[in-house]
Amino acid sequence: MRISRTQRFLAAVTLSMTLLVIPAFACELAGPNTHIGKIKAIELAQSSLTIIDQQMKKDVTFQAAQEQLKGLSVGQRVAVKYSEMKGQLKAEEIKPL
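Treat the numbers as computed from the prediction; the structure is a model and nothing was measured. (Residues numbered from 1 in each chain as written. Predicted model: local features only at pLDDT ≥ 70, side-chain atom pairs only at ≥ 80, totals over all residues. Heavy atoms only, no water.)

> Let's hear about the environment of Pro-32: which residues, and what values?
Tracing the sequence through the fold places Pro-32 in the loop between α2 (26-30) and β1 (34-43). The spatial distance from the C-alpha of Pro-32 to the C-alpha of Lys-81 is 8.1 Å, given a sequence separation of 49 residues. (Helix = DSSP H or I, 4+ residues; strand = E, 2+ residues; numbered from the N terminus.)

The following block contains the structure:
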């Protein structure tokens, strides 16, 4: 079965649009209490991690244990599962992507 040029073009456009839309909903798709984004800052003295949230396009800061911050670097993409305590976000798990 031959695929016409028009069908190939439509398939390419559909695939491109899908790949553009999926990152916009990355946090929602990752599950509850999870943010995905690039690391903007790691503050060892304050035991905190700031990411630029991929979906909201804004900074989100988490309190994190020193052990969780080891091996991470600015610009790295991560998924952060968190809990909320006294108005602050506490990183429960940080996964490099």
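> Give me the sheet that holds strand β4 (residues 77-85): which residues, what numbers.
Pairing is mixed in the closed barrel, where five strands are placed in the order β1-β2-β3-β5-β4. Each adjacent strand pair in this sheet contributes to an overall mean axis angle of 55°, direction not counted. Pairing geometry for β4 and strand β5 (residues 88-96), over eight bridges, is antiparallel. From the neighbouring strand, Ala-79 faces β5, where its bridge partner is Lys-95. (Pairing = 2+ DSSP bridges. Axes fitted to C-alpha atoms, helices over the stretch in contact; angles between N-to-C directions.)

> Could you give an account of the nonpolar core, naming the residues involved and the relevant values?
Judged by nonpolar contacts, the single largest core of 14 residues is most densely connected at Leu-49, Ile-51, Phe-62, Val-78, Val-80 and Ile-94. For this core, the secondary-structure elements that each account for two or more residues are β2 (48-53), β3 (59-63), β4 and β5. (Core = buried A, V, L, I, M, F, W, Y, C linked by side-chain atoms within 4.5 Å. Buried < 20%, exposed > 50% of the residue type's maximum accessible area, 1.4 Å probe, protein only.)

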